[in-house]
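# A structural walkthrough
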Amino acid sequence: MNATKPLQYPPLHAESPFELRGNWGQTVPESDVREALATGEMGFLHSFTTGSAVDGPGVRVVAWTTGCQFRCLYCHNPDTWNLDHGIPVTLERATEELRKYRHGLKVMSGGFTLSGGEPLMQDRFAVKLFAAARTMGIHTALDTNGSLGNRLSDAELDTISLVLLDIKCWNPEVHERLTRMEVRPVLDFARRLASRHKPVWLRYVLVPDLTDNPLDIAPLAKFAAELGNVERVDILPFHQLGEFKWKELKLNYKLQGVQPPPPEIIAMAREQFRSQGLNAY
Ligand code: SF4
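Here we summarise the structure given alongside this text.

Another aspect to go through is the overall build of the protein. Within the protein one finds 9 helices and 8 strands. Rg of the C-alpha trace for the protein: 19 Å, near the compact-globule value of 19 Å for 281 residues, within the 12% margin. Taking the principal axes of its C-alpha atoms as reference, the protein extends roughly 70 × 40 × 30 Å. Looking at the protein as a whole, 42% of its 281 residues qualify as buried. Long-range contacts, defined as pairs at least 24 residues apart, comprise 77% of the intrachain contacts of the protein with a sequence gap of at least 6.

Looking now at the site of the ligand. Close to the ligand lie Cys68, Phe70, Arg71, Cys72, Cys75, Asn77, Thr80, Gly116, Gly117, Glu118 and Asn145. Considered class by class, the residues forming the shell around the ligand number 4 nonpolar, 5 polar and 2 charged.

What follows deals with the packing of helix H7 (residues 214-227) against helix H9 (residues 263-274). In helix packing, the relevant descriptors are the interaxial angle and the interaxial distance, both defined with respect to the helix axes. Contact pair H7 / H9: the axes reach a minimum separation of 8 Å and the direction vectors enclose 35°. For H7 against H9, the interelement crossing comes out right-handed. Every residue of H9 that contacts H7 at Pro214, Ile217, Ala218, Ala221 and Ala224 is listed here: Met268, Ala269, Gln272 and Phe273. Split into classes, the residues belonging to the contact of H7 with H9 amount to 8 nonpolar, 1 polar and no charged.

This paragraph deals with helix H5 (residues 172-179). Within the sequence span of H5, burial applies to His175, Leu178 and Thr179. With its buried residues spanning 75° around the axis, H5 presents them on a single face. Opposite its buried face, H5 presents the exposed residues Glu173 and Arg177, each directed more than 90 degrees away. In the segment just after H5, Arg180 is the residue with positive phi, at about 75°.

Another point: the environment of Asp188. Locating Asp188 in the fold gives a position in helix H6 (residues 184-195). C-beta crowding within 10 Å serves as the criterion here: with 14 such atoms nearby, Asp188 is assigned to the partly exposed category. In sequence terms Asp188 and Ser147 are 41 residues apart; their C-alpha atoms lie 8.5 Å from each other.

So, about unusual backbone geometry. Between Gly116 and the following residue, Gly117, the backbone shows a cis peptide bond with an omega angle of 20°. Tracing the chain through its elements places Gly117 in the loop between strand S4 (111-115) and helix H3 (123-135). Notably, Asp209 is not glycine yet its phi reads approximately 65°, a positive angle. Accessibility expressed as a C-beta count within 10 Å gives 9 for Asp209, which makes it exposed. A positive phi angle, near 60°, is found at Lys250, a position not held by glycine.

This next bit is on the nonpolar core. Formed by 68 residues in total, the largest nonpolar core has its most connected members in Leu129, Leu202, Ala224 and Val233. In this structure Ala224 touches Leu202, Val230, Val233, Phe273 and Leu278, once residues within four positions along its chain are discounted.

A few words now on the pairing of strand S2 (residues 60-65). Taken across its 6 residues, S2 has 6 buried, putting it largely inside the fold. Here S2 shows no split at all, with Arg60, Val62 and Trp64 on one side and Val61, Ala63 and Thr65 on the other all buried. Across 6 bridges, strand S1 (residues 42-52) lies against S2 in antiparallel orientation. Opposite Phe48, over in S2, you have Ala63 as the bridge partner.

For the rest of this paragraph, the subject is the sheet that holds S2. Pairing between the strands of a sheet comes from backbone hydrogen bonds, and it takes one of two forms, parallel or antiparallel. The sheet built from 8 strands is open, its strands ordered S3-S1-S2-S4-S5-S6-S7-S8 with mixed pairing. In the strand order of this sheet, the two ends are held by strand S3 (87-90) and strand S8 (230-237), each with one partner. Geometrically, the sheet is characterised by an average inter-axis angle of 30° between neighbouring strands, direction not taken into account. As judged from the 4 bridges shared by S1 and S3, these two strands associate in the antiparallel manner. Bridging from a neighbouring strand, Phe44 pairs with Pro88 of S3.

Among the 5 residues in S4, 5 count as buried, and that is most of the element. In S4, alternate side chains face the same way, and those of Gly111, Thr113 and Ser115 on one face and Phe112 and Leu114 on the other are all buried. Examined bridge by bridge, S2 and S4 share 5 bridges and lie parallel to one another. In the sheet register, Arg60 faces S4, and the bridge partner there is Gly111. With 4 bridges joining them, S4 and strand S5 (residues 139-144) adopt parallel strand pairing. Bridged to Gly111 within S5 is His139. Taken together, S4, H3 and S5 form a β-α-β motif whose crossover is right-handed.

Cut-offs and rules
Residues numbered from 1 in each chain as written. Predicted model: local features only at pLDDT ≥ 70, side-chain atom pairs only at ≥ 80, totals over all residues. Helix = DSSP H or I, 4+ residues; strand = E, 2+ residues; numbered from the N terminus. Rg over C-alpha atoms; globule rule 2.2 N^0.38 Å. Buried ≥ 20, exposed ≤ 12 C-beta atoms within 10 Å, placed from the backbone. Contact = placed C-beta atoms within 7 Å. Near = placed C-beta within 6 Å. Nonpolar A, V, L, I, M, F, W, Y, C, P; charged D, E, K, R; others polar. Axes fitted to C-alpha atoms, helices over the stretch in contact; angles between N-to-C directions. Left-handed = near helix turned anticlockwise from the far one by under 90°. Arc of directions from axis to C-beta. Core = buried A, V, L, I, M, F, W, Y, C linked by C-beta atoms within 7 Å. Pairing = 2+ DSSP bridges. Right-handed = clockwise from strand over helix to strand, strands pointing away.

The analysis is restricted to geometry; functional conclusions fall outside its scope.
What follows is the structure, given as structure tokens:
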């Protein structure tokens, strides 16, 4: 008789989200995946990382979800695009993982950030994990591309302390070329967050010849300032740290050889947001 060996998943904790992870979720039957998405009792995670100082205020524990409907040309985590690339993790286990860091996070005025991938591809899991974090008194942040914001009710939004909203580009044409998706739902979500006075940190990846056009940045800066709830803007200079993943996954990487933006271009973009009265870094 063939004895089936239990699957050995990699450790949930990773040194960094730049670790390339495999097709762990493919072992989960489709009906279980459907149930997980409907109930949120199980999620699919690339990893948990600790010690981040850039994914919200203070020191953050970050859970990186898998599944994303965008296909950003500069994505440094393409191994998170497919849901089934993630490690299946029960809500209970994810909550326990978070509980380990509860005291340290409070001491360091930090919190828990759900990133990805696009966390709202697993909206029920996200909502339940945020609720668990809030019950433990942990500050919560959602790092999102914003296009699935309508999956959250107003009450669910209230369990999130801060939204890190990635707006990829103001120009609809460039946005579609860059992500394969429309910018409109992202801007609608930004407006909804503003109407609910939800604190937002806006993130903008600056890529030479793609998102560094001052004519596209100016209207975005004006829009962000008028929202009234954008507490800070982070200009994130493009880098090549994710390139090896595209190669490993045999994906067609179109930004090969593109250099990070020079300091003066970063400063200029930052100044465009600052000139609208925003705190831009
Ligand atoms: S939204 Fe984020 S995870 Fe999704 S493709 Fe873009 S950069 Fe990658």
